[in-house]
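Read off the chains here:
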Amino acid sequence: MSTVVDPLSAEAAPARGSGPSIVRKLLVNGGVRFGGVILVLLLLIALAAPGLGTLDPAFLDPTYRNKLPLETHPILNDDGEEVIVTHWMGTDTLGRDLYSRVIYGTRVSLIVGFSVALLAVGIGLTIGLVSGYIRWLDAVVMRVMDGLMAIPGILLALGLVALWGAGLLTVILAIAVPEIPRVVRLVRSVVLSVREEPYVEAAISVGTPTPLILYRHILPNTIAPLIVQATYTCASAILVEAILSFLGVGIPTDIPTWGNIMAEGRLLFRVYPHAILFPGIFLALAVLAVNTLGDGLRDTLDPRFAKRGEG
Amino acid sequence: MNAPAPVLDIRGLTISLPAGADRDNAVEDIDLQVHPKEIVCVVGESGSGKSVTAHAVMGLLPKGELQPTAGAIHLAGKALLEKTPAELRELRGARMSMIFQEPFTALNPVVRVGQQIEEVLTIHTDMSASARRTRVLAVMDDVRLPEPEQMIDAFPHQLSGGQRQRIMIAAALALEPALLIADEPTTALDVTTQAQILALIKDIQASHDTGVLFITHDFGVVAEIADRVIVMQNGRVVEAGAASRVLTTPEHPYTQMLIASVPSLIPKVRDGETHHQMVLATRDLAKTYKSSGLFQKTREVQAASNVNISLQRGETLGIVGESGSGKSTVARCIVRLITPTSGAIMIHDQDIAPLRASKLQDYRQKVQIVFQDPYRSLNPRRTVGLSIVEGPMNFGLDQATAWTRARELMSLVGLDPNALDRLPHQFSGGQRQRICIARALAMQPEILIADEAVSALDVSVQAQVLKLLDQIREQFNLAMLFITHDLRVAAQVCDRIVVMHRGEVVEQGSASTVFSSPAHAYTKALFEAAPGREWSQRLHS
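Just so you know, these numbers come straight off a predicted model, no measurement behind them.

Parameters at a glance
Residues numbered from 1 in each chain as written. Chains lettered and ligands numbered in written order. Predicted model: local features only at pLDDT ≥ 70, side-chain atom pairs only at ≥ 80, totals over all residues. Heavy atoms only, no water. Helix = DSSP H or I, 4+ residues; strand = E, 2+ residues; numbered from the N terminus. Rg over C-alpha atoms; globule rule 2.2 N^0.38 Å. Buried < 20%, exposed > 50% of the residue type's maximum accessible area, 1.4 Å probe, protein only. Contact = heavy atoms within 4.5 Å. Areas by Shrake-Rupley, 256 points an atom, 1.4 Å probe, with all protein chains shown as cover. Lys, Arg positive; Asp, Glu negative; His and termini not counted. Charge placed at Lys NZ, Arg CZ, Asp CG, Glu CD. Salt bridge = Lys/Arg side-chain N within 4 Å of Asp/Glu carboxyl O. Polar contact = N/O pair within 3.5 Å; in protein donor to acceptor, adjacent residues only side chain to side chain. Nonpolar A, V, L, I, M, F, W, Y, C, P; charged D, E, K, R; others polar. 1 Å grid on protein atoms, 1.4 Å probe; cavity = no way out; pocket = protein on both sides within 12 Å on 5 of 7 lines; lining within 4 Å. Points joined across faces, edges and corners; volume = space filled by probe spheres on them. Pairing = 2+ DSSP bridges. Axes fitted to C-alpha atoms, helices over the stretch in contact; angles between N-to-C directions. Core = buried A, V, L, I, M, F, W, Y, C linked by side-chain atoms within 4.5 Å. Phe/Tyr/Trp six-rings, centres within 6.5 Å; stacked < 30°, edge-to-face > 60°. Lys NZ or Arg CZ within 6 Å of the ring centre and 35° of its normal. Left-handed = near helix turned anticlockwise from the far one by under 90°.

> Please clarify how the overall build of chain B should be interpreted in this entry.
Check the secondary structure of chain B and you find 20 helices and 21 strands. The C-alpha atoms of chain B give 25 Å as radius of gyration, which agrees with the globular expectation for 541 residues (24 Å, within 12%). Once the C-alpha set of chain B is aligned to its principal axes, its extents read approximately 70 × 55 × 50 Å. Among the 541 residues that make up chain B, the fraction classed as buried is 55%. Pairs at least 24 apart in sequence give 70% of the contacts found in chain B among residues at least 6 apart. In the structure as shown, chain B presents an accessible area of about 23100 Å², 49% of it carried by carbon and sulfur atoms. The average position of the 53 basic charges and that of the 59 acidic charges among the side chains of chain B differ by 5 Å.

Following this line, the structure appears as structure tokens:
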């Protein structure tokens, strides 16, 4: 019997320039760096809020209302001693320290942003995988998704909050639901193209059960676009939470959030613009950071935007 | 002898590759001349630098990545490498033009074909609109497009692949260029269409005094049209000479190897020991694709109908046909990747056509398939070892045994067993196809289906993989269903041949009978069209 001459060394494909690792590529991307740094800073601020020279954000002092930024005034601390505090961002109409409220508000915004992103991606991924792979289900699921997409996101969220009552959890759910169809569409489109790949057909023909095919061969293809989608969802969730709170239907007013602070500052905004300015700056910065991070991730992860490297 | 000045004169051309590539230069020290009225074929396998040479002439090399570092290219006396981009633009289309491999992507889908031909005239001449139209109609007539008056306003999707390639040629010839570069112009076409396009190119260059630089990997095509042949390997010219000489008495070992690898059209005499154990039979197998929607009319496409084939242990049955003949549909029905609309698929004594997905599991083990595209049939994210053990482990084989089997199979298909933990991109196309074969064999199937399994491979690699397939068929006494559009390949590996045309079987019989005395008109036409027939017969007689 003749032996087949094809040792690996003879015809070995040269290690194709796989290039720098994905982490290295991410780190040189300007958007990822800028967005990442600001986001990490905000995260640290949220975690270390009590240690950043803040007062109790709910502590109100009726004698020191509507003070301008940098004004100082003495208060009694827990031990009954008098200490001088500086109101870096002034005080609001109830005499609460704005700096403390904005810093604590970071917590709520980030919690809402991250949870909504996780929730929407998690649910959307499951629905998208199943609907893209199982044909008869697809028509039904996608019509429901079309229906959801036909209602403006904020309106839907408003309705859901009205239905479930205001609270952190319900706000998160109400913001996540309108985001789900977008994720479903994205995942489904990836599934529809990958399911036709010969390696998926090969897996079918060696008897791999459908759930395993979805997990092993199809799911990994959705990760990169999903990471990108998750950042956009996160940014939009932070914004929508602020809008809902501003409209007075979001997180209850006793919890400081950027939206709540701005809603309360709205009445005297012409006289004391600082009450809206500072939470506004934080909100804009957070959304900008998440979005630039998303753009950077997309440029490096999404093959459609990847620079063509073959020669 | 007083030879006319060449239209294209390439001397000592070297083009460097960017740092980190597998070799320093894409092409090195190339000498090449094309004279008027001459067809020069550049032949080579993938990566030989033949397309890079063509793109260098047109000035279409990707900026910054590929850079000519030495040598000169002269087009009718003009030094092309010294021209500015604007001057090159003047020459392109007017003095030299190019036709590409894919007629489907080379035309703009949203512009009428007449306008796409006319564009060349608008840019390079100051002809009036009516004169341009007359000229467009004339060139369309030249490339023998039927009813140019109507076709001039058609969109590319309304034309067939062959017609689109004719449009490309018409556009390339509109200004009677001195040089026509054809980069694998018939590779994406069916054999019968290919024969027509080759005849057309030959006719046209003769009547227009055009010099043609024809790039191809197919020696059959070379035999059909070339006046002179240039053989390239790894960026160097290894042999050049008159076609009649190179094709019959190649001097360089590489050329000899390439020509020897071209499968002959004369069927191999095979030992007729079949075991008369029927493993597969289809009865009136049919597949109809229906597309219907809420707001559309229902459309039906009959991909296959009335297919009756049978397969015995130890034999290879070839299904031959052009694109759209339904040969792949039949294969996919048999593997049950799709459900047939009607008919029966008998595996031993069981009809598997009506079985539901959950009932198919036992049977999956018996039938395995190897696909065409080696680059897409392995999951790029999983090591080849994981791909090979996936099947057996689905059927409850324990991990240790599965991996031992995978190592044995790697040796069997001629690869290093220690390479199991590598990813697919670390292998060449031929090696990947071997891995796919190993994956199929890991299931210990009775029937192996090869769906165009060697079509994407270079001819020398193709010969090796064909040999491997034949060897494992013998060793495991497999029944093999070999689906191909390539008559040469079919002649070499098949015991029996089924010819399909438009979803129906038009002829079947033993390979030697079908090849020596085809009965059906379509089969005859198909064999007529096979490029390099006469050369092949002379070579192997």
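> Looking at this structure, how should I read the interface of chain A and chain B?
Interfaces are often sized by the accessible area lost when the parts come together. Opposite the 31 residues of chain A that make contact, chain B presents 42 residues. Inspection of the chain A/chain B interface yields 3 salt bridges. For the pair chain A and chain B, the number of links is 13 residue pairs in polar contact (both at pLDDT 80 or more). Contributing elements (two or more residues each) for the side of chain A that touches chain B: α1 (8–11), α8 (198–205) and α9 (210–246) of chain A. Ranked by the residues each element gives to the side of chain A that touches chain B, the list is headed by α8 of chain A, at 7 residues. Tallied by class, residues from the side of chain A that touches chain B come to 17 nonpolar, 6 polar and 8 charged.

> Would you take a moment to explain the layout of surface pockets for this structure?
Rolled over the atoms, a probe as big as a water molecule pinpoints where empty space is left. For the second largest pocket, the calculated volume is near 910 Å³. Y133, R195 and I204 of chain A together with R336 and L337 of chain B are the residues nearest the centre of the second largest pocket, which is lined by 25 residues in total. Considering every element that reaches the lining of the second largest pocket, the biggest residue donor is α8 of chain A, with 3 residues. Among the residues forming the lining of the second largest pocket, the class breakdown is 11 nonpolar, 6 polar and 8 charged.

> Teacher, can you tell me more about the sheet that holds strand β14 (residues 316–320) of chain B here?
Strand pairing in a sheet is mediated by backbone hydrogen bonds. Such pairs are either parallel or antiparallel. Residue and element names in this part refer to chain B. An order of β17-β18-β19-β14-β20-β21 is seen for the 6 strands of this open sheet, with the pairing classed as mixed. In the strand order of this sheet, the two ends are held by β17 (367–370) and β21 (504–510), each with one partner. Here the strands of the sheet are splayed against their neighbours by 20 degrees on average, with no regard to which way each runs. Where β14 and strand β20 (residues 496–501) come together, 4 bridges link them in parallel fashion. Bridge pairing links V320 to V499 in β20. Seen against the sheet, helix α19 (residues 521–529) touches β14, β20 and β21 and runs at an angle of roughly 100 degrees to β20.

> Just checking my understanding: could you explain the pattern of salt bridges for this structure?
Any two side chains of opposite charge can pair, given that their charged atoms come close. Residue and element names in this part refer to chain A. Under the criterion given, the structure shown has 28 salt bridges over all chains. A salt bridge links R135 to E196; the shortest N-O distance between them is 3.5 Å. With R135 in helix α5 (residues 135–150) and E196 in the loop between α7 (168–194) and α8, the pair connects residues that are 61 residues apart, well separated along the chain. We classify R135 as exposed; its relative accessible area is 57%.

> What should I look at first to understand the environment of D29 of chain B in this one?
Residue and element names in this part refer to chain B. Here D29 lies in strand β2 (residues 25–34). Spatially, the C-alpha atoms of D29 and T14 are 5.1 Å apart, while their sequence positions differ by 15 residues. Discounting chain neighbours no more than four positions away, the residues touching D29 are G12, L13 and T14.

> Would you take a moment to explain the nonpolar core for this structure?
By size, the foremost hydrophobic cluster in this structure holds 60 residues, and its most contacted members are L129 and I218 of chain A. Excluding residues within four positions of it along the chain, L129 of chain A makes contact with V187, V191, L214, I218 and L219 of chain A. Counting residues in each nonpolar core, the second largest holds 55 residues, with V370, L466, V499 and V514 of chain B among its members.

> So what exactly am I meant to see when it comes to the sheet that holds β2 of chain B here?
All names here are of chain B. What the 4 strands build is an open sheet, ordered β2-β1-β4-β5; its pairing is antiparallel. Only two strands of the sheet have a single partner each, and these edge strands are β2 and β5 (78–79). Packed on one face of the sheet, helix α1 (residues 50–58) meets β1 (8–16), β2 and β4 (67–75) and runs near 115 degrees to β1.

> Where do I start with the packing of aromatic side chains in this structure?
Aromatic ring pairs are reported here in terms of the distance separating the ring centres and the angle at which the planes meet. In total, this model carries 3 aromatic pairs over all chains according to the counting rule given. Between F515 of chain B and F527 of chain B, the ring centres sit 4.7 Å apart and the planes meet at 15 degrees, which makes this aromatic pair stacked. Linking F515 of chain B in helix α18 (residues 511–516) with F527 of chain B in helix α19, this pair joins segments that are 12 residues apart in sequence. In terms of burial, F515 of chain B and F527 of chain B fall into one category: buried. Stacked on the ring of Y133 of chain A, the Lys or Arg R195 of chain A has its end atom at 5.1 Å from the ring centre. Over the ring of Y289 of chain B we find K287 of chain B, and its NZ or CZ is 5.2 Å from the ring centre.

> Just to check I follow, could you spell out the packing of helix α4 (residues 98–133) of chain A against α9 of chain A for this structure?
The angle between the axes and the distance between the axes are what describe a pair of packed helices. All names here are of chain A. Interaxial distance between α4 and α9 falls to 7 Å at its minimum, and their mutual angle equals 145 degrees. Remark: the crossing between α4 and α9 carries right-handed chirality. Considered class by class, the residues forming the contact of α4 with α9 number 19 nonpolar, 5 polar and 1 charged.

> Got a minute to help me understand unusual backbone geometry in this structure?
Only a minority of non-glycine residues have a phi that is not negative, and only a minority of peptide bonds are not trans. Residues and elements named next belong to chain B. Of note, the phi angle at H348 is positive, near 50 degrees, even though the residue is not glycine. With respect to the element layout, H348 can be found in the loop between β15 (342–347) and β16 (350–351). Residue classification places H348 among the partly exposed residues on the basis of a relative accessible area of 31%. Positioned with a positive phi, Q444 is a non-glycine residue whose angle comes to about 50 degrees.

> In this structure, what is going on with the environment of L285 of chain B? I would like to understand it.
Residue and element names in this part refer to chain B. Here L285 lies in strand β11 (residues 278–291). With 219 residues separating them along the chain, L285 and E504 place their C-alpha atoms 10.0 Å apart. Those residues in contact with L285, other than ones at most four positions away along the chain, are A304, S305, N306, V307, V330, C333, P340, S342, G343 and I345.

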